[in-house]
Amino acid sequence: MTNYAVVNPATGETVKTYPTITDAELEAAIAAADEAHRTWSKSTTVEERAALIRRVGELHVERRQELAEIIVREMGKPIEQALAEADFAGDIYTYYADNAAEFLKDEPIELQGGEGSAVVRRSSLGVLLGVMPWNFPYYQVARFAGPNVIIGNTILLKHAEQCPESAEAIQRIFRDAGAPEGVYVNIYASHDQIERVIADPRVQGVSLTGSERAGAAVAAVAGKHLKKVVLELGGSDPFILLSTDDLDEAVQNAVDARLDNSGQSCNAAKRFIVIDELYEPFLEKFTAKIAEVEATDPMSSDSVLGPLSSLKAAEGLEEQVKRAIEHGAKLVHGGTREGAFFQTTVLTDVASDNPASKEEFFGPVAQVYRAADEADAVRIANDIPFGLGSYLYTTDPEQADRVANAIEAGMVFVNIVLADGAELPFGGVKRSGFGRELGRFGADEFVNKKLIRIG
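A. Up close: the side chain of Ser357. Take Ser357: it is sitting in the loop between β15 (345–348) and β16 (365–371). Under the relative-accessibility criterion, Ser357 is labelled buried at 5%. Within polar-contact distance, the side chain of Ser357 engages the backbone oxygen of Asn354 at 2.8 Å. Side-chain polar atoms of Ser357 contact the side chain of Lys358, separated by 3.0 Å. Every residue in contact with Ser357, bar those within four places of it in the chain, is listed here: Arg271, Val350, Ala351, Ser352, Gln367, Tyr369, Asp383 and Ile384.

B. Inspection of unusual backbone geometry at higher detail. The phi angle at Leu226 is positive, at roughly 55 degrees, despite the residue not being glycine. Checked against the element boundaries, Leu226 lands in the loop between α8 (212–224) and β9 (228–232). A relative accessible area of 78% means that Leu226 is categorised as exposed.

C. Layout of the nonpolar core. Within the largest apolar cluster, 114 residues are counted, with the highest numbers of intra-cluster contacts made by Phe174, Phe282 and Phe286. Considering each element in turn, this core owes the most residues, 13 residues, to helix α4 (residues 79–104). Those residues in contact with Phe174 that sit more than four places away from it in its chain are Leu52, Ile53, Val56, Tyr93, Ala145, Val149, Ala179 and Tyr184. One finds Val131, Ile187, Ile198 and Leu208 within the second-largest nonpolar core, a separate group that totals 24 residues.

D. Looking closely at the packing of aromatic side chains. Tallying each qualifying case throughout the model produces 18 aromatic pairs. Between Phe136 and Tyr139 the ring centres are 5.6 Å apart and the planes differ by 75 degrees, which places this aromatic pair in the edge-to-face class. This pair shows no difference in class: Phe136 is buried, exactly as Tyr139 is. Among the aromatic side chains, those forming a connected cluster through ring pairs are Phe239, Phe272, Phe282, Phe286, Tyr391, Tyr393 and Phe413. Above the plane of the ring of Phe136 lies Lys77, whose end atom (NZ or CZ) is 4.1 Å from the centre.

E. Focus on α8. Taking 1.5 Å as the rise per residue, α8 with 13 residues should run 18 Å; its terminal C-alpha atoms sit 18 Å apart, in good agreement. Looking at α8, one finds that the buried residues are Gly215, Val218, Val221 and Ala222. Projected down its long axis, α8 shows its buried positions confined to an angular sector of 135 degrees, all on one face. Turned more than 90 degrees away from the buried face of α8 sit Arg213, Ala220 and Lys224, all of them exposed. Those residues of α8 that are buried are in contact with α7 (191–199), β8 (203–209) and β9. Just downstream of α8, Leu226 is the residue with a positive phi angle, here 55 degrees.

What counts, and at which threshold
- Residues numbered from 1 in each chain as written.
- Predicted model: local features only at pLDDT ≥ 70, side-chain atom pairs only at ≥ 80, totals over all residues.
- Heavy atoms only, no water.
- Helix = DSSP H or I, 4+ residues; strand = E, 2+ residues; numbered from the N terminus.
- Buried < 20%, exposed > 50% of the residue type's maximum accessible area, 1.4 Å probe, protein only.
- Polar contact = N/O pair within 3.5 Å; in protein donor to acceptor, adjacent residues only side chain to side chain.
- Contact = heavy atoms within 4.5 Å.
- Core = buried A, V, L, I, M, F, W, Y, C linked by side-chain atoms within 4.5 Å.
- Phe/Tyr/Trp six-rings, centres within 6.5 Å; stacked < 30°, edge-to-face > 60°.
- Lys NZ or Arg CZ within 6 Å of the ring centre and 35° of its normal.
- Expected span 1.5 Å × (residues − 1).
- Arc of directions from axis to C-beta.

This is the structure in structure tokens:
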């Protein structure tokens, strides 16, 4: 029996199932990736590998309609957002193709004493395993596979069980772009098989984006076998509003930051922390604006909120909301679902001892907090196990710098939302994981930084 299946969350229809890889097929996949690293990676230049990745990016854009329709079926992303994701994946591959030579050039070291010279030379580690989530099926793979293939690492990619069709489409793109066998290998593996992959001595590192539980499980196995790990886990990102010249614009940005990908984004704004004098007008305007957004058919070009990724996900979110209310939170708007479609929801009066204050709500649910002053806003923002992203709105540049420095997170966006870019490093602290993807730092995780000292 397989766990890999396309189940349309908008209809509940099982569209297609895929067989789990056999142990023999898995062994062949690892062997192919190892052989590709020993041969293709060692015999090609950075420029040649960058040309391959550039073509991978071009094919994502050329096939954007096909790719978008696949993930609408798989996880319910509104079609316009799905098209944008395919484009963004293309941008990421292109970015690394454009900048790889600069990122990988020798780095001279000035000697403190002695004769000769020293450089750090970056080279590949070998076979890498990527364990990817369902919420951004193309973007997540691009930011892992793009830089690492150019570096010369080869990829085993285990996608989410509900994304087998997009996983298949990505592998087809790599093949059509000219990637030799073993450079990028999709594997429909079980959890037990993934443990064996991590343990395999031919595999040199693991990158996982997913839940805390998945991250802890993978890190435990990787640690046992001394493998490098990059983890991007959950987040309950704060949106801190301290001052604004345009409350309506700030409210619209807040709504946009909460509802991106139907609220199913790790670095979406989830907790809205508002200074006391702005709290009431913000809450009134925010609730009215978010209530205007209704879940609709994700294949419609005007849809901005589709179903959640699955019926199970919607049921889980419904239970979280009910539990928050049982522990004293006030339901200001929403809280209901129909199948996998979940109504936009606003909660207030979430006390620090309410479990909701420490949880991630993966869907269109917003918590609004009142802050007495700047220090109180920072306290509320940091009173969470996570530390992925954050958003800060203020008209005071000195305050912006001060508060950004005080927020415990891997990313701070000031007076702007939805501003991720291929050049900007992405990652968190605390229980949101460790390591970085995207930008120059994302190309520096799985490399051998070899010192060459010449006398």
